[in-house]
Structures are given as structure tokens and as C-alpha cells.
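# Inside the fold
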Amino acid sequence: MFWWKHATMNMLASFNHLLLTPNQVYFGYEMEDALRLVRYAAPGTQPAPGYFTDYFGIRTRLSNFMHDPQGMDTAVGTFPFPNDGLHSELVEYLGTVKALEAAGTDITVVEMGAGYAPWLMFSAVVARKLGKQSVRLVAVEAEPPRHALIRANFEDNGFPQPELVHAAISDQRGVVSFGSENVHDWGGAVQGEAGTDYRGVAVVQLEVPALLMSDVLDPLGTVDLLHIDIQGWEARSMRASLDSVCAKVRYMVIGTHSRVIEGELMDMLRGRGWTLMHEKPCQFVYDPTPELTGATTVDGAQVWANTALGAPADVPAHLTEAELALVEKTRETVGFQHRIAKEYVWTLQNRIAELEKMEASVPPWLRKLLSAF
């Protein structure tokens, strides 16, 4: 291959990331499916100082985060593709709305590893939009100072307080050591060994009560959505309570923290009649240390439907004409940079075709000489 053709093909490859094609970037969902989120937009919402105001009108205190998100309180967030700009990718929003759209008029949502309970808050917004009659929200959080963050989150957004459970979710009951750098460190977790942190971070350790998933689920009726984000304990905790989870829960959105955990969950749940609706693998930087969870740089996500319990994996979107019009407008906005990139790619593809014709016209002896050079 001639050097100029090779260079042009490298230029073409450099634009593929702008296209965001399934071959280059794996979202875990189809964009046409994700556009159903426009139903929950909050047009007319205004930003507020000190808060991130998202596409759905939810206000989140920027003081909840260790980094300094400057300027994020000056404008309202856009459609959360590929993420909301603050704490999550679109796949978790999509899994949440599908679970609640498929639910009856009375719903129950549980968030384990709740932090400041962003998914209970989003569930409350979705439930109100859908006109649910009864909404029961349960937050399970290990660190007591974070309970204040949960209460503040619901007060800031004008919703009734959820039920709070003070516990870490584990694979056994009792008391465990839970460590985080501070109340705004969202990577805190149950400590596998005393005095260690899976990330190698110096943490403040607390002795906290440990519960099984089943301890939280069994007193409840049907749970329409279980959101789990427990920093590497997903598979172990799930295995210890699998019968209860299968009997009680219709849908799950699980934040994953290693490729091994993702595989364990797939093997465990599909064997019990669950269907994997969406999944986005975690990202990690390889680290030879024993704790693989500590190598994860971006959490993954899995969305599951308990089809054995009658929860459909294919949840249709019933949008009004006004919502369909907003879908069209949003599609154009989201696709803008894609179209620009396609114009570049089209030009480069034509250039490559010209070079290939030029290469074909060169005598074999000269082609060999130039390649060697």
C-alpha cells in the first residue's frame, strides 16, 4: 500500500469515532429506542445557582461531588446522550423508564447503594409523569451522613421522603467495615480486608450493619425496579439472595464494576429466566493487583427483565403526537455532529477511491520499489 493511501485511510479512521457507529462505540441500546426519553423532558425549567438542573428538571447539588463542576449551574442539561454530563450514561435512564412504563398503577422501587438516591429521584419524576397512583421508594445506604444527602435531594425537588435503610448490602448478615474517602466519595465500598481499599485509596472506615438483598426485598410486595450500585459486590450479593430476587423483582438496573462480575451476572440470571435488555461493559485499565474492581475506570451497566415473572423484555413506547414531534427535533440535535462527520468521511472515501485507481495504474515493478522505499 502506498504511503499516501495509508495516510488517507488513517484520516478516515480518525473520523469514525465522530460517527459513533455500533462498530466503533457500543452504547448498549438503539438510538430510536432511547429517544422515548423525550416524554420526560421538562421544558421551561430554569437553572439554579449551585445545582445541576438536568433534562428532566431534576436539581442535583453540585456540592455532592468531590470535583469542581464549574459552570454546570448556568444552563439546563441537554438530552442525556451519551450521558447526562454529571453522573450517568443514558442506558440507566432507559432501563429505569422501561421498568416503570411496564409497571402497574402502584409501584415500588428500591435503590441499593443509594448515595444521594439519584435513581429514586428520577423514578419519582417518571412515576409522576406516568400518573402512578402509589409510589413506594426505598433507599439502602451504608453511610449515615449520606442519609442527609438523600433527604436534601428530595426536599430540593419537592417530593416526599423515601424510606431509608441503614445498611451495606453484602453476601452475609452482620457487621462489616465500609470505607470511603469522604461523604462525597462515590466509590466507597464494603472492605474485603481490614485496612485496605480496592482502589488503593486511603479511606475512613466505619463499622456498619450488613444485610442480604433478601432482607430488604422480602418484607416488600412486588418490586418493579431494583437499582444496584454496590461497588464490586454485585455478583456475590446477588448469588446469596437469588431466590428472593427472582421471586420479587420484575426489573433490575445493575451498575457493574468488573468484566468478571458482568459475566457472572449473565451466567447467573439467564439461567433463572431473566432477559438481558441492555448492557454496557465497564471500562478498565489493566492492573496486575489482585483486586480487579479497582482497575475499573468507568462503571458498566446491565438492564434485566424477569421474564420468568412475567415482565416483558420488549416494552413499547406509547408517545403522543407532541412527543413524537419532540423525538424528531431531538434526533436532529443528537445527529448534528454525526452528519458533519459523515461529510468528512464521504470526502475521504472518494479520495481513497481515487488513490486506488492511481495505484492500479502504476506498473508492478514501480509499485514494489515504492513500497520498499
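Notes on the structure in this doc start here. What you see is a predicted model; the values in this text were computed from it and never measured.

## Digging into unusual backbone geometry
Cis peptide bonds are those with omega within 30 degrees of zero, and the linkage from Phe-81 to Pro-82 qualifies with -5°. Along the polypeptide, Pro-82 turns up in the loop between strand S2 (59–61) and helix H3 (90–101).

## Quick word on the sheet that holds strand S3 (residues 106–112)
Each strand in a sheet pairs with its neighbour through backbone hydrogen bonds, running either in the same direction (parallel) or in the opposite one (antiparallel). With mixed pairing, seven strands are arranged side by side in an open sheet as S5-S4-S3-S10-S11-S15-S12. Of all the strands in the sheet, just strand S5 (163–166) and strand S12 (275–280) have a single pairing partner and so form its edges. Across the sheet, the axes of successive neighbouring strands diverge by a mean angle of 15°, strand direction being ignored. Where S3 and strand S4 (residues 134–141) come together, seven bridges link them in parallel fashion. Residue pairing for S4: Ile-107 is matched across the bridge by Val-135. Each of S3, strand S10 (225–228), strand S11 (251–256), S12 and strand S15 (300–305) touches H3; the most contacted strand, S12, lies at about 155° to it. Strands in contact with helix H9 (residues 259–270) are S11, S12 and S15; relative to S15, the strand with the most contacts, it is inclined by about 5°.

## Remarks on the packing of H3 against helix H4 (residues 118–130)
Viewed as axis vectors pointing N to C, H3 and H4 meet at an angle of 45°, and their least axial separation amounts to 10 Å. Between H3 and H4, the angle is such that the two are oblique. For the element pair H3 and H4, the recorded crossing hand is right-handed. Here H3 contributes Glu-92, Tyr-93, Thr-96, Val-97, Leu-100 and Glu-101 to the contact with H4, which in turn contributes Trp-119, Phe-122, Ser-123, Val-126, Ala-127 and Leu-130. Among the residues making up the contact of H3 with H4, the classes are represented as eight nonpolar, two polar and two charged.

Reading the values: rules and limits
- Residues numbered from 1 in each chain as written.
- Predicted model: local features only at pLDDT ≥ 70, side-chain atom pairs only at ≥ 80, totals over all residues.
- Heavy atoms only, no water.
- Helix = DSSP H or I, 4+ residues; strand = E, 2+ residues; numbered from the N terminus.
- Pairing = 2+ DSSP bridges.
- Axes fitted to C-alpha atoms, helices over the stretch in contact; angles between N-to-C directions.
- Contact = heavy atoms within 4.5 Å.
- Parallel < 35°, antiparallel > 145°, perpendicular 65-115°, else oblique.
- Left-handed = near helix turned anticlockwise from the far one by under 90°.
- Nonpolar A, V, L, I, M, F, W, Y, C, P; charged D, E, K, R; others polar.

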